[in-house]
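In case you want the letters, here they are:
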Amino acid sequence: MPNKACVRAHTNIALIKYWGKRDETNFLPMNSSLSLTLDKLYTDTMVVFDEALPQDFFYLNGEQQGEKETQKISKFLDLFRAEKKTALRARVESINHVPTAAGLASSASAFAALAGAANLALGLDLDPQRLSTFARRGSGSATRSIYGGFVEWDMGTCSDDSFAVPVDDAGWDIGMVIVAVNQKAKEVSSRIGMKRTVETSPFYPAWVESAKKDILDIKAAIAAKDFIRLGEITEANGMKMHGTMLGAEPPFSYWEPDSIVAIKTAQALRKQGIPCYVTMDAGPNVKVLCRLSQAETIKAAFLEHFTEDKLIITKPGKGIRELTEA
Ligand code: DP6
């Protein structure tokens, strides 16, 4: 049995958002979501299960992590240990490959890479759908990072059938320009933010209803390779999600003044006939969905307001894969 494996997983950006759980223990979402996996941002994780280890150890970017972080990893690895019926402890080494100054480290690529590496290291042979249900238990958005291109996370009916499936490889002139607005630590984590929204925002039920329609519409747009429709649905869905937060008690928002500058820049580009559409997550960064062939032109327009190091052009990324040592 191999007891060591190293896996790369890319992060993903939701075009139809996951925002709210119907079951917090099992990370079951209130609605299905759909994302684009990105090439530039990824995590490489090595897992070694070893009977000589007295406990789990977790290193992130070369630094040993404290008790709290390591416990999160241990709890996640327990799912794999239970499946394998083993008590072996592990050493986990993760490297986040995120362009400097972007502040875009993501739990999606982190838990997808860890799930992939634990699966291989324990010789569990989980198929991608099953693996996706395991990744989900680390962080909801990790469910989708198992695959490349456009990916749908079907909300399912229970823990076993709430997994992601690939929709399209996004190889039809699709790109994303990330505008890294600032890197201050978030005041409200996505986990807390979505919980507060579900529990207190009167807009929340309307969000869930409209997300059901958005997912059908965006899949139709992808099937038709209709970029304009894809972008319109993406931008509207993201705005609706942020709207639910303004209705929460207490209300909150992830937007910063520069987020609005970025949104207005994209709107101005559209008026000039360059289609590009924005989406934002639980932070102030703005992601601009565009045609890859126009990404440089779009970046040039953003350079009027943002410095070069804050602008990252990325194309669609692949699903998880094993890294073999050179
Ligand atoms: C706004 O996956 O970070 O990015 O499941 O609690 O770990 P947990 O939340 P997380 O939430 C992601 C929220 C989002 C939208 C999305 O990625 O779909």
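Above this note sits the structure.
The following paragraphs examine the structure supplied in this document. Computed from a predicted structure; not experimentally measured.

### With respect to helix H1 (residues 67-84)
Part 1 of the reasoning: In this model, H1 (18 residues) spans 25 Å end to end at C-alpha, consistent with the 26 Å of a helix rising 1.5 Å per residue.
Part 2 of the reasoning: At Asp78, H1 shows its maximal bend, which comes to roughly 25°.
Part 3 of the reasoning: Residues of H1 that are buried include every one of Thr70, Ile73, Ser74, Phe76, Leu77, Phe80 and Arg81, and no others.
Part 4 of the reasoning: Packing partners of the buried residues in H1 comprise strand E4 (33-50), strand E5 (57-60), strand E7 (89-97), helix H2 (107-121) and helix H3 (128-136).
Part 5 of the reasoning: Looking at the residues trailing H1, positive phi occurs at Lys85, about 55°.

### Brief notes about the environment of Leu114
Part 1 of the reasoning: Summarising the element assignment, Leu114 is placed in helix H2.
Part 2 of the reasoning: Judged by its relative accessible area of 3%, Leu114 is buried.
Part 3 of the reasoning: For the pair formed by Leu114 and Lys310, sequence separation is 196 residues and the distance between their alpha carbons is 28 Å.
Part 4 of the reasoning: Beyond its immediate stretch of four places on either side in the chain, Leu114 contacts Thr45, Val47, Ile73, Phe76, Leu77 and Val92.

### Notes on the pattern of salt bridges
Part 1 of the reasoning: Scanning all chains against the criterion turns up 19 salt bridges.
Part 2 of the reasoning: A salt bridge links Lys240 to Asp214; the shortest N-O distance between them is 2.8 Å. You can see Lys240 sitting in helix H6 (residues 227-246) and its partner Asp214 sitting in helix H5 (residues 204-223), a full 26 residues away along the chain.
Part 3 of the reasoning: By relative accessible area, Lys240 is classed as partly exposed at 31%.

### Structural notes on the site of the ligand
Part 1 of the reasoning: Taken together, 17 residues lie around the ligand, and Tyr18, Lys21, Ser139, Gly140 and Arg191 are the ones closest in.
Part 2 of the reasoning: At a separation of 2.6 Å, an oxygen atom of the ligand approaches a polar side-chain atom of Tyr18.
Part 3 of the reasoning: Asp281 places a polar side-chain atom, nitrogen or oxygen, 3.3 Å from an oxygen atom of the ligand.
Part 4 of the reasoning: About the coverage of the ligand: the protein hides 93% of its 460 Å² of free accessible area.
Part 5 of the reasoning: Here the element with the most residues in the shell around the ligand is helix H4 (residues 190-200); it accounts for three residues.
Part 6 of the reasoning: Per-class residue counts for the shell around the ligand are seven nonpolar, five polar and five charged.

### Considering the packing of aromatic side chains
Part 1 of the reasoning: If you walk through the whole model with that rule in mind, you get nine aromatic pairs.
Part 2 of the reasoning: These aromatic residues form a ring-pair network of at least three members: Phe76, Phe80, Phe111 and Phe134.

### Structural notes on the side chain of Thr279
Part 1 of the reasoning: Mapped onto the fold, Thr279 is located in strand E11 (residues 276-280).
Part 2 of the reasoning: At a separation of 2.7 Å, a polar atom in the side chain of Thr279 contacts the side chain of Lys17.
Part 3 of the reasoning: Beyond its immediate stretch of four places on either side in the chain, Thr279 contacts Ile13, Ala14, Lys17, Thr234, Gly238, Asn285, Val286 and Lys287.

### Examining the packing of H5 against H6
Part 1 of the reasoning: At a minimum axis distance of 10 Å, the contact between H5 and H6 shows a crossing angle of 165°. For the element pair H5 / H6, the angle class is roughly antiparallel. Seen from above, H5 lies across H6 with left-handed handedness. On H6, the residues that touch Tyr204, Trp207, Ser210, Ala211, Asp214, Asp217, Ile218, Ala221 and Ile222 of H5 are Arg229, Leu230, Ile233, Thr234, Asn237, Lys240, Met241 and Thr244.

### A word on the pairing of strand E12 (residues 286-290)
Across a regular strand the side chains alternate sides, sitting on one face of the sheet and then on the other.
Part 1 of the reasoning: Counting buried residues along E12, five of its five residues qualify, which places the element largely inside the surrounding structure.
Part 2 of the reasoning: Of the two faces of E12, the one carrying Val286, Val288 and Cys290 and the one carrying Lys287 and Leu289 are both buried.
Part 3 of the reasoning: Pairing analysis gives five bridges linking strand E10 (residues 175-179) to E12, with the strands arranged antiparallel. Its bridge partner lying in E12, Val179 is registered against Val286.

### Notes on the sheet that holds E10
Strand pairing in a sheet is mediated by backbone hydrogen bonds. Such pairs are either parallel or antiparallel.
Part 1 of the reasoning: Spatially, the four strands line up as an open sheet ordered E11-E12-E10-E13, and their pairing is antiparallel. A single partner strand is all that each edge strand has here, and the edge strands are E11 and strand E13 (311-314). Across the sheet, the mean angle separating the axes of adjacent strands is 25° when strand polarity is ignored.
Part 2 of the reasoning: Relative to E11, H6 is tilted by about 30°, and along the sheet it contacts E11 and E12.
Part 3 of the reasoning: Relative to E13, helix H8 (residues 295-302) is tilted by about 170°, and along the sheet it contacts E10, E11, E12 and E13.

### As for the nonpolar core
Part 1 of the reasoning: Within the largest apolar cluster, 47 residues are counted, with the highest numbers of intra-cluster contacts made by Trp19, Val47, Phe49, Leu77, Phe80 and Leu114.
Part 2 of the reasoning: If one sorts the elements of this core by residue count, H2 sits on top with eight residues.
Part 3 of the reasoning: Here Phe49 is in contact with Asn3, Leu77, Arg81, Leu88, Arg89, Ala90, Ala118, Ala121 and Leu122, once residues within four sequence places are set aside.
Part 4 of the reasoning: Core analysis: the second largest hydrophobic core is formed by 24 residues, Leu38, Ala170, Ile178 and Ile233 among them.

Criteria and cut-off values
Chains are numbered independently. Their residues run from 1 in the order of the written sequence. Per-residue local features of the predicted model are confined to residues with pLDDT of at least 70, and side-chain atom pairs are confined, for both listing and counting, to 80 or more; whole-chain, interface and lining totals are unaffected and use all residues. As a convention, hydrogens and water are excluded, and side-chain values are obtained from all of the structure's heavy atoms. Only runs of H or I of at least four residues qualify as helices and only runs of E of at least two qualify as strands under DSSP, and these elements are numbered from the N terminus. Given a helix with a known number of residues, its expected span is that number minus one, times 1.5 Å. Bending is quantified residue by residue as the angle between axes fitted to the seven-residue window ending at that residue and the seven-residue window starting at it. With a 1.4 Å probe rolled over the protein chains alone, any residue whose accessible area is under 20% of its type maximum counts as buried; one over 50% counts as exposed, and the rest are partly exposed. Here, two residues are considered to be in contact whenever any of their heavy atoms come within 4.5 Å of each other. Should a side-chain nitrogen of Lys or Arg be within 4 Å of a carboxyl oxygen of Asp or Glu, the pair is scored as a salt bridge. Whether a residue is near a molecule or strand is decided by its heavy atoms; if any one of them lies within 4 Å of it, the residue is near. Any N or O atom pair separated by 3.5 Å or less is treated as a polar contact, with the protein-specific requirement of one donor-capable and one acceptor-capable atom, and with residues adjacent in sequence counted only for side-chain atom pairs. With residues, only the protein chains shown are counted as cover, and all accessible areas are computed by Shrake-Rupley using a 1.4 Å probe. Note that Gly is not counted as nonpolar here; it falls among the polar residues with everything else outside the nonpolar set of Ala, Val, Leu, Ile, Met, Phe, Trp, Tyr, Cys and Pro and the charged set of Asp, Glu, Lys and Arg. Under the pairing criterion, centres of Phe, Tyr and Trp rings, with the six-membered ring standing for Trp, must be within 6.5 Å; the plane angle then separates stacked pairs below 30 degrees from edge-to-face pairs above 60, leaving the rest tilted. All axes here are fitted lines through C-alpha atoms, helices being fitted over the stretch that makes contact, and every angle between N-to-C directions spans 0 to 180 degrees. Small angles under 35 degrees read as roughly parallel and large ones over 145 as roughly antiparallel, with 65 to 115 read as roughly perpendicular and the rest as oblique. Whether a crossing is left-handed or right-handed is set by the direction in which the near helix is turned from the far one by less than a right angle, anticlockwise for left-handed and clockwise for right-handed. In this scheme, strands are said to pair when DSSP sees at least two bridges between them. Only buried Ala, Val, Leu, Ile, Met, Phe, Trp, Tyr and Cys residues count toward a nonpolar core, and they belong to the same one when joined by side-chain atoms within 4.5 Å.

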